[in-house]
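# Tertiary structure, described
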Amino acid sequence: MDESKKYVITVGRQFGSGGRLIGQAIADELGIQYYDKALLVEAAKHAGMNPELFERKDEKAPSFFSGLLPVNVGYGSSYSLYPGTSSISDDAIYRAQSDVIRSLADRSSCVIVGRSADYALRDRDNVINIFIHAPIENRIKRIMERGDASTPEQARQLAERTNKLRAAYYNFYTDKRWGHASSYDLTIDSSLLDTPDIVALVKQYVAARMR
């Protein structure tokens, strides 16, 4: 692999699948930068906004869209014409995050988790998009082990609610479908391989793509 060539790995993930930790492990193994929620802080500074606002809106579809079933509409569709300060604020936040994502991709090789980074970088040929998923039983176990829920039912509800929000956000702002294999280069079931094996698999794929 040409070490001088910049590339970006974007990581979509189901809640509880370990996608964030896998993304961090990939970045560590490849010796490149890693961006997750810290990206929100940089986006907020870039846009001159309060970082807490980014936290509240993190990977959530516009307020007028929440509560509706996810619909695959491209960014800039007729939905963006709905009136209201909420939708305008959400739009500004999305644009600010996308600007930061593109700036980070210009700066150095990196791993970016979530925030529909794959779509923000869709016109570049040095981007590898992966999606991490796992059966609900495995995700429930992981969610409880890290202390995000005290019962299996709470963990299930948290996973379903979070994934619904992520899907609504992704499907609204892109012309792709969250979690669908056709939206990514690699989709990986994290319950079938240990993290080091997943990292090795991704590293091999990156090397082949970046030749």
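Residues numbered from 1 in each chain as written. Predicted model: local features only at pLDDT ≥ 70, side-chain atom pairs only at ≥ 80, totals over all residues. Heavy atoms only, no water.

Looking only at helices and strands, the protein chain has eight helices and five strands in total. Reading the helices (α) and strands (β) of the protein chain from amino to carboxyl end gives β-α-β-α-α-α-β-α-β-α-α-β-α. A sequence separation of at least 24 residues applies to 74% of the contacts in the protein chain between residues at least 6 apart. (Helix = DSSP H or I, 4+ residues; strand = E, 2+ residues; numbered from the N terminus. Contact = heavy atoms within 4.5 Å.)

Moving on, we get to the packing of aromatic side chains. Under the criterion given, the structure shown has seven aromatic pairs. Taken together, a centroid distance of 6.2 Å and an interplanar angle of 25 degrees make the contact between Y170 and Y184 stacked. With Y170 in helix α7 (residues 152-173) and Y184 in the loop between α7 and β5 (186-189), this residue pair connects regions lying 14 residues apart in the sequence. Side by side, Y170 and Y184 carry an identical accessibility label, which is buried. (Phe/Tyr/Trp six-rings, centres within 6.5 Å; stacked < 30°, edge-to-face > 60°. Buried < 20%, exposed > 50% of the residue type's maximum accessible area, 1.4 Å probe, protein only.)

Let us look at the packing of helix α1 (residues 19-30) against helix α8 (residues 195-209). Direction vectors running N to C along α1 and α8 enclose 60 degrees, while the axes themselves pass 9 Å from each other. Classified by the angle their axes make, α1 and α8 are oblique. Where α1 crosses over α8, the two elements pack in a sense that is right-handed. In this structure, α1 uses I22, A25, I26, E29 and L30 to contact α8, whose residues at the interface are T195, I198, V199, V202 and K203. Tallied by class, the residues present in the contact of α1 with α8 amount to seven nonpolar, one polar and two charged. (Axes fitted to C-alpha atoms, helices over the stretch in contact; angles between N-to-C directions. Parallel < 35°, antiparallel > 145°, perpendicular 65-115°, else oblique. Left-handed = near helix turned anticlockwise from the far one by under 90°. Nonpolar A, V, L, I, M, F, W, Y, C, P; charged D, E, K, R; others polar.)

A separate point is the environment of I22. In this structure, I22 sits in helix α1. Judged by its relative accessible area of 2%, I22 is buried. Here the alpha-carbon distance between I22 and S190, two residues 168 residues apart in the chain, equals 8.9 Å. I22 has contacts with S17, I132, S190, T195 and I198, leaving out every residue within four places of it along the chain.

The final tally for this structure, using the stated rule, is eight salt bridges. Between D148 and R146 there is a salt bridge, with the nearest N and O atoms lying 2.6 Å from each other. (Salt bridge = Lys/Arg side-chain N within 4 Å of Asp/Glu carboxyl O.)

Counting buried positions over the six residues of strand β1 (residues 8-13) gives six, a clear majority of the element. Note that β1 and strand β3 (residues 110-113) share four bridges and pair parallel. Each residue of the ladder has a partner; that of I9, found in β3, is V111. (Pairing = 2+ DSSP bridges.)

As summarised here, the arrangement of the five strands in space is β2-β3-β1-β4-β5, forming an open sheet in which the pairing is parallel. Each edge of the sheet is formed by a strand with only one pairing partner; in this case those strands are β2 (33-35) and β5. Neighbour to neighbour, the strand axes of the sheet diverge by 20 degrees on average, direction disregarded. Where β2 meets β3, three bridges bridge the pair, whose relative direction is parallel. Across the sheet, the residue bridging to Y35 is I112, located in β3.

Per-chain confidence: the protein chain averages 84 in pLDDT, with 83% of residues scoring 70 or above. Low confidence marks residues 64-88, where pLDDT is under 50. Its contacts with residues over four positions away, or in another chain, come to 38 contacts. (pLDDT = per-residue confidence, 0-100.)

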